[in-house]
Protein chains: 2
Amino acid sequence: MRYELYYWPEIQGRGEFVRLALEEAGAAYVDVARKGRGEQKMIKILGSAREKHLPYAPPFLKAGRLIIGQTANILLYLGSRHGLAPRAEAGRLWVNQLQLTIMDFVNEVHDTHHPIASALYYEDQRKEAKRYTQQFWERRPQKYLGYFERVLTASGGPYLLGRRLSYADLSLFQVVEGLRYAFPNKMKALKRKIPRVVAVHDRVAERPRIAAYLASPRRIPFNEMGIFRYYPELDK
Amino acid sequence: MRYELYYWPEIQGRGEFVRLALEEAGAAYVDVARKGRGEQKMIKILGSAREKHLPYAPPFLKAGRLIIGQTANILLYLGSRHGLAPRAEAGRLWVNQLQLTIMDFVNEVHDTHHPIASALYYEDQRKEAKRYTQQFWERRPQKYLGYFERVLTASGGPYLLGRRLSYADLSLFQVVEGLRYAFPNKMKALKRKIPRVVAVHDRVAERPRIAAYLASPRRIPFNEMGIFRYYPELDK
């Protein structure tokens, strides 16, 4: 079966967490909206009156006749199928819990440039973004990444579950990679406080399938339309 | 087995979505932090260096030796055990997807009074809260609740899955109830556009176990410390 991934074609965004899992799994997939009339096809599905399991927003995944929405939910589905999560319930729930915590952090990162409304431009909420980001860097990355540091200490590493890679490790890689793009100065200062998290990042980046993906045109470069944006005035 | 729910004792908050599921299921549970030294016990678990499945934040649930964190994850666990979600994978994923969409909306509702930082008081971000809330009411409840209206139309109702109640219906009830408390004027104006969502709310409220719960001291009243807060200046 060839999966169909539906996501905005010009950004990594939340779709990237799914792409990383598909790539690590070596799964066959089409990134629908990046080809031909794919984006229109995606928008048509979102507007469908008949679709039984209507997604609220991209990303969503078509797996045969199933349509699955919500990033963490797509990963829950893929994880058990492709060895990216334990089969037993307790382990599956634990990976899902880690993933949901990562998604919460990603929401907060997004708000560093859009604290007032996603529908407005960054330029129309710069003042609020500055205040939000200042507050954010006083405690949030420290708290979230510090939490994952503790999880890695308890698991014994090198991955969040111990020896075994899970999709949550791929997502943690993406968060570190994104934060380094968006806040290079701030991340340089935080680095030595989160050695185990940084080690997960480095280890994931070196996995053969991930390394090949990152070097390929399938990996959309970071830019100022996605979740992780580089605005120098926010990284002082 | 008696579940142990851990959540902040003075608010409904995210813990309420779990409480509603436990109550509808008729499950035996203790709301740990609301009794004796329960809150200290909760904080001790969150600070544990040894806990294998360390939660990032409340709510979390102890089920025998399992500790499960993240609201939607706790509900995923409870749903399949107490008949509040289908047993088959496709149905379980669909309810999880609906729940995650509700949680996204809840995050946005929270930000109406805390757009800059959870660590600051409302009074220290009133100006930004006013601007956020104005933007929010231009489109977000319409979009989210309009989505659930479409899901209810496609399912045939009366519940999100059709004839069968799921934990996502209980959460949808809570969102409508909370929005009515926080934004009585705004919700009065929106009401006629979301008749099916309002019908889910009313039907859930009349379920015997939920009605008994809502009338009991176990239900903490809404207040200005939780997610849904009534600030008249934001409801103009």
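The structure presented is a predicted model; accordingly, all values stated were derived computationally and were not measured.

What to know about the relation of the copies chain A and chain B
Moving on, step 1. Each copy of the sequence occupies a distinct position, and chain A is placed on chain B by a rotation of 180° and an axial shift of 0.0 Å, giving an RMSD of 0.0 Å. These values place the two chain copies in the arrangement generated by a two-fold rotation axis. In terms of proximity to the rotation axis, the leading residue of chain A is Pro115 of chain A, whose C-alpha is 3.1 Å off the axis.
Moving on, step 2. By residue overlap, the copies meet face to face through one surface: 97% of the interface positions of chain A are interface positions in chain B.

A word on the interface of chain A and chain B
It is common to give the size of an interface as the accessible area that goes away when the parts come together.
Moving on, step 1. Residue-level contacts link 36 residues of chain A with 35 residues of chain B.
Moving on, step 2. Among the elements of the structure, strand S4 (66–69), helix H3 (71–81), helix H4 (89–110) and helix H5 (126–155) of chain A are those that each provide at least two residues to the side of chain A that touches chain B.
Moving on, step 3. The dominant element in the side of chain A that touches chain B, judged by the number of residues it contributes, is H5 of chain A, at nine residues.
Moving on, step 4. Partitioned by chemical class, the residues of the side of chain A that touches chain B number 20 nonpolar, nine polar and seven charged.

Some words on the domain arrangement of chain A
Residue and element names in this part refer to chain A.
Moving on, step 1. Under the domain assignment used here, chain A contains domain 1 (3–81) and domain 2 (89–207).
Moving on, step 2. On a C-alpha basis, the centres of domain 1 and domain 2 stand 22 Å from each other.
Moving on, step 3. Listed per partner, the contact involves twelve residues of domain 1 and twelve residues of domain 2.
Moving on, step 4. Secondary structure elements with two or more residues in the side of domain 1 that touches domain 2: helix H1 (15–25) and H3.
Moving on, step 5. Tallied by class, the residues present in the side of domain 1 that touches domain 2 amount to seven nonpolar, three polar and two charged.

Examining unusual backbone geometry
Residue and element names in this part refer to chain A.
Moving on, step 1. Between Pro58 and Pro59 the backbone carries a cis peptide bond, its omega angle lying at 0°.
Moving on, step 2. Looking at the secondary structure, you find Pro59 in the loop between helix H2 (38–46) and strand S3 (60–63).
Moving on, step 3. Of note, the bond from Gly157 into Pro158 is cis; its omega dihedral lies within 30 degrees of zero at 0°.
Moving on, step 4. Tracing the sequence through the fold places Pro158 in the loop between H5 and helix H6 (167–182).
Moving on, step 5. Backbone geometry at Gln70 places phi at a positive 75°, although glycine is not the residue there.
Moving on, step 6. Tracing the backbone through its elements, the reader meets Gln70 in the loop between S4 and H3.

Considerations on the nonpolar core
Moving on, step 1. Counting residues in hydrophobic clusters, the biggest one holds 123 residues, and the most contacted among them are Ala21 and Leu172 of chain A together with Ala21 and Leu172 of chain B.
Moving on, step 2. Two domains each provide a minimum of three residues to this core, namely domain 1 (3–81) and domain 2 (89–207) of chain A.
Moving on, step 3. Those residues within four positions of Leu172 of chain A in sequence are excluded, and the remaining contacts are Ile102, Phe148, Leu160, Val197 and Val200 of chain A.

Section: the environment of Thr101 of chain B
Moving on, step 1. The residue Thr101 of chain B is located in helix H4 (residues 89–110) in this model.
Moving on, step 2. Given 23 C-beta atoms within 10 Å, Thr101 of chain B falls into the buried group.
Moving on, step 3. Note: C-alpha distance between Thr101 of chain B and Ile43 of chain B (58 residues apart in sequence) is 29 Å.
Moving on, step 4. Other than its neighbours up to four places away in sequence, Thr101 of chain B contacts Tyr56 and Gln70 of chain A.

Analysis parameters
Residues numbered from 1 in each chain as written. Chains lettered and ligands numbered in written order. Predicted model: local features only at pLDDT ≥ 70, side-chain atom pairs only at ≥ 80, totals over all residues. Least-squares fit on C-alpha atoms with pLDDT ≥ 70 in both. Contact = placed C-beta atoms within 7 Å. Helix = DSSP H or I, 4+ residues; strand = E, 2+ residues; numbered from the N terminus. Nonpolar A, V, L, I, M, F, W, Y, C, P; charged D, E, K, R; others polar. Domains from an automatic or database assignment. Core = buried A, V, L, I, M, F, W, Y, C linked by C-beta atoms within 7 Å. Buried ≥ 20, exposed ≤ 12 C-beta atoms within 10 Å, placed from the backbone.

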